[in-house]
Amino acid sequence: MDKILEEMISLKNEEKVANSKWFFKTGEGQYGEGDLFLGINVPTVRLVAKKYYNSTSLEEIETLIKNPYHEVRLVSLILLICIYEKSSAEVKKEIFNLYLNNVDYINNWDLVDVSAPKLVGRFIYENRDFSCIYNLANSNHLWSNRIAVVSTHYFIKKGDFDLILELSEKFLTHKHDLMHKAVGWMLREMGKIDETPLNEFLDKHHKIMPRTMLRYSIEKFPKEKREFYMGKGKG
């Protein structure tokens, strides 16, 4: 763990720190308020994880996931994904529980998006226990809500759309734009595989869908079809 921290800190790029703080909305009252950055890009973080995942324990990763630096938390999640891929069912469950016990530190959209499908979505799909998804979705915690939705990407890629359709209806009235984006994104991904359930969802809900959710969901449609749904939408 010390070697990972040392290497990550050695890679700090002061010129990119300010841009990262702006990009991830760390100002007062913003969703990433107070987060700290090293200014390291994602490909470099992945290389660090690839270098160390064979020699890093879950206990060490759990310490890393609580680190104040955003990119260190990111490397911890990528380490978990690398280890999960080659683990027994018992270790996979341990990783899943570790993840859920630390959702307070998975506290920005990129951290959620890189990890939720491959850890939460995959585990639930393979074990068919949906209580976790519903607990996350029913919480008043933004990042838990986003984990629930983005986790369905694993299901979507398997052609299983029931969960995202259910959660999309649930979150039609969510107040946060990050959730509108997440739901719209997942609906769009579903539509890439099978446009029929997306059309049916839009026909039923497009008049009340938040505009961002609607725009994201129809992004791959032909222009005329996009204009139809946007024109019929609210506002």
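A quick note: this is a predicted structure, and the numbers were derived from the prediction, not measured.

Student: With reference to specific residues and values, describe the layout of surface pockets.
Tutor: When its volume is computed, the largest pocket comes out at roughly 280 Å³. Surrounding the largest pocket, 18 residues form its lining, Phe24, Ile40, Asn41, Val42 and Asp110 being those nearest its centre. For the lining of the largest pocket, the elements supplying multiple residues, two or more each, are α2 (14–23), α3 (42–52), α5 (70–85) and α7 (109–127). Considered as a void within the structure, the second largest pocket measures approximately 230 Å³ in volume. What lines the second largest pocket is Trp22, Phe23, Lys25, Tyr31, Trp109, Asp113, Arg146, Leu178, Lys181, Trp185 and Tyr216. The residue makeup of the lining of the second largest pocket, split by class, is seven nonpolar, no polar and four charged.

Student: Summarise the packing of aromatic side chains; cite the residues concerned and give the values.
Tutor: Tallied over the entire structure, the rule returns 12 aromatic pairs. With 5.0 Å between their ring centres and 85° between their planes, Phe23 and Phe24 make a pair best called edge-to-face. On the numbers, 6.2 Å between centres and 40° between planes, the contact of Phe221 with Tyr229 is tilted. Of the two residues examined, Phe221 and Tyr229, each falls in the buried class. Chaining the aromatic ring pairs together yields one cluster made of Trp22, Phe23, Phe24, Phe37 and Trp109.

Student: If you had to explain the pattern of salt bridges to someone new, which residues and values would you point to?
Tutor: Scanning the model with the defined rule gives 12 salt bridges in all. Glu7 is the salt-bridge partner of Lys51, the closest N and O atoms lying 3.0 Å from each other. On the criterion of sequence distance, the pair formed by Lys51 in helix α3 and Glu7 in helix α1 (residues 2–10) is long-range, its members being 44 residues apart. Residue class for Lys51 comes out exposed when judged on its relative accessible area of 52%. Its salt-bridge partner being Arg146, residue Asp113 comes within 2.7 Å of it at the nearest N-O pair. Of this pair, Asp113 sits in helix α7 while Arg146 sits in helix α9 (residues 142–157); the two residues are 33 residues apart in sequence, bridging distant segments of the chain. Since its relative accessible area comes to 17%, Asp113 is described here as buried.

Student: Describe unusual backbone geometry, listing the residues and the values that go with them.
Tutor: Glycine aside, the phi torsion of most residues is negative, and most peptide linkages are trans. You will see that Lys25, though not glycine, has its phi angle at about 55°, which is positive. Looking at the element boundaries, Lys25 is found in the loop between α2 and α3. The phi dihedral of Arg128 falls on the positive side, at around 60°, and the residue is not glycine. Taking the relative accessible area as the measure of exposure, Arg128 reaches 43% and is therefore partly exposed.

The rules behind the values
- Residues numbered from 1 in each chain as written.
- Predicted model: local features only at pLDDT ≥ 70, side-chain atom pairs only at ≥ 80, totals over all residues.
- Heavy atoms only, no water.
- 1 Å grid on protein atoms, 1.4 Å probe; cavity = no way out; pocket = protein on both sides within 12 Å on 5 of 7 lines; lining within 4 Å.
- Points joined across faces, edges and corners; volume = space filled by probe spheres on them.
- Helix = DSSP H or I, 4+ residues; strand = E, 2+ residues; numbered from the N terminus.
- Nonpolar A, V, L, I, M, F, W, Y, C, P; charged D, E, K, R; others polar.
- Phe/Tyr/Trp six-rings, centres within 6.5 Å; stacked < 30°, edge-to-face > 60°.
- Buried < 20%, exposed > 50% of the residue type's maximum accessible area, 1.4 Å probe, protein only.
- Salt bridge = Lys/Arg side-chain N within 4 Å of Asp/Glu carboxyl O.

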